[in-house]
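Residues per chain are reported as follows:
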Amino acid sequence: MGFVAFFSKAELWLRESTTLLRGALLRRYLRLHGCPVGKGLKCKRWPLFHRPPHGNIEVGDGVCFGYGVSLWVADNARLFLGDYVHLTHNVVISAHESVLVGAHTQVAENVSIRDSDHEARAGCLISQQGFVSAPVAIGEDVWIGASTTVLKGAQIAQGAVIGANSIVLAKSNTEPFGIYAGSPIRQVGRRPR
């Protein structure tokens, strides 16, 4: 083994070890705040919590938090991340009511998942109005492409693939193992068997 190859392997080992150590610290932090967390949590960089968790976040086994993950979970809301969910870089999840992400789902960089919008009545400043929310449910084995936005009330079927730069609305119908893209999404294919 050459000198460069040795240091490349050592660097990879160090990165993986650091990711697991951060994951163990994050697991402890969440559990101290009453949140159920499975084993094998990985954390490349500490997520930004807009509010301290208090039993309203549930994390399955083997979940991975990438760089720049931001979580806004309201006091009475619920965030569920199933086993082996992978949140890549700069993922924003905002749960005013409920966001559920099924097991083995992959979320690419710069994705925004939000179950609420500001009200926008005329005659009152938007910043002084409340929220309109509807639960978001993302099935198992889903792939959400880069820079996609998933909005309130969206339901994504098991095995679906959402192409990059897409918008998923409450009225967006998805079928298991369908491939979708666009703004709003429309079916463009099916995953091969």
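Scroll up a little and you will see the structure.
Parameters and conventions
- Residues numbered from 1 in each chain as written.
- Predicted model: local features only at pLDDT ≥ 70, side-chain atom pairs only at ≥ 80, totals over all residues.
- Heavy atoms only, no water.
- Helix = DSSP H or I, 4+ residues; strand = E, 2+ residues; numbered from the N terminus.
- Rg over C-alpha atoms; globule rule 2.2 N^0.38 Å.
- Buried < 20%, exposed > 50% of the residue type's maximum accessible area, 1.4 Å probe, protein only.
- Contact = heavy atoms within 4.5 Å.
- Areas by Shrake-Rupley, 256 points an atom, 1.4 Å probe, with all protein chains shown as cover.
- Lys, Arg positive; Asp, Glu negative; His and termini not counted.
- Charge placed at Lys NZ, Arg CZ, Asp CG, Glu CD.
- Pairing = 2+ DSSP bridges.
- Patch = residues over 30% accessible without salt bridge, like charges linked within 9 Å, V, L, I, M, F, W, Y side chains within 5 Å.
- Salt bridge = Lys/Arg side-chain N within 4 Å of Asp/Glu carboxyl O.
- Disulfide = S-S within 2.5 Å.
- Core = buried A, V, L, I, M, F, W, Y, C linked by side-chain atoms within 4.5 Å.
- Phe/Tyr/Trp six-rings, centres within 6.5 Å; stacked < 30°, edge-to-face > 60°.

(A) A look at the overall build of the chain. The helix and strand tally for the chain stands at 1 helix and 21 strands. Against the 2.2 N^0.38 benchmark of 16 Å for 193 residues, the chain shows a C-alpha radius of gyration of 18 Å, consistent with a compact globule. The burial tally for the chain puts 40% of its 193 residues in the buried class. For the chain, the proportion of contacts with a sequence separation of at least 24, taken over those separated by at least 6, is 16%. Accessible area for the chain stands at about 10300 Å²; split by element, carbon and sulfur atoms hold 56% of it. Both charge centroids of the chain, one from 20 positive and one from 14 negative side chains, sit 5 Å from each other.

(B) Fine view of the sheet that holds strand 21 (residues 185–190). Strand order across the open sheet formed by 8 strands is 1-4-7-10-15-18-20-21, with mixed pairing between neighbours. Single-partner strands in this sheet number two, and they are strand 1 (42–43) and strand 21. As paired elements, strand 1 and strand 4 (residues 64–65) share 2 bridges and run parallel to each other. Residue pairing for strand 4: K42 is matched across the bridge by C64.

(C) Region of interest: a nonpolar patch on the surface. A cluster of nonpolar side chains, contributed by L21, L25 and W46, occupies part of the molecular surface with about 310 Å² of accessible area. Turning to its location among the elements, L25 is positioned in helix 1 (residues 3–32). For L25, a relative accessible area of 48% puts it in the partly exposed group.

(D) A look at the pairing of strand 5 (residues 70–73). Two elements, strand 2 (residues 48–49) and strand 5, share 2 bridges in a ladder whose sense is parallel. Bridge pairing links F49 to L71 in strand 5. By the bridge criterion, 4 bridges tie strand 5 to strand 8 (residues 92–95) in an arrangement that is parallel. Following the sheet pairing, W72 is matched in strand 8 by S94.

(E) Summary view of the sheet that holds strand 16 (residues 149–150). An order of 2-5-8-11-16-19 is seen for the 6 strands of this open sheet, with the pairing classed as parallel. The strands lining the two open edges of the sheet, one partner per strand, are strand 2 and strand 19 (167–168).

(F) Representation of the state of the cysteines in the model. On inspection of all chains with the given rule, the structure shows 0 disulfides. No disulfide involves C35; its sulfur sits 14 Å from the nearest other cysteine sulfur, which is in C43. The thiol sulfur of C64 is not disulfide-bonded, and the nearest other cysteine sulfur, from C43, lies at 7.9 Å.

(G) Spatial organisation of the nonpolar core. Among the nonpolar cores identified, the biggest contains 40 residues, and F65, L81, L87, I93, I144 and I156 are the most heavily contacted of them. Those elements giving two or more residues to this core turn out to be helix 1, strand 3 (57–59), strand 5, strand 6 (78–81), strand 8, strand 9 (98–101) and strand 14 (136–138). Apart from the residues within four sequence positions on either side, I93 is in contact with S70, L71, W72, L79, L81, L87, V99 and I113.

(H) Inspection of the packing of aromatic side chains at higher detail. On inspection of all chains with the given rule, the structure shows 3 aromatic pairs. For the ring pair Y29 and F49, a centre distance of 5.5 Å and an interplane angle of 40° mean the geometry is tilted. One end of the pair, Y29, is in helix 1; the other, F49, is in strand 2, and 20 residues separate them in sequence. Under the relative-accessibility criterion, Y29 is labelled partly exposed at 23%. Take F49: its relative accessible area is 13%, and that puts it in the buried class.

(I) Representation of the side chain of T19. The residue T19 is located in helix 1 in this model. Those residues within four positions of T19 in sequence are excluded, and the remaining contacts are L41, K42, C43 and K44.

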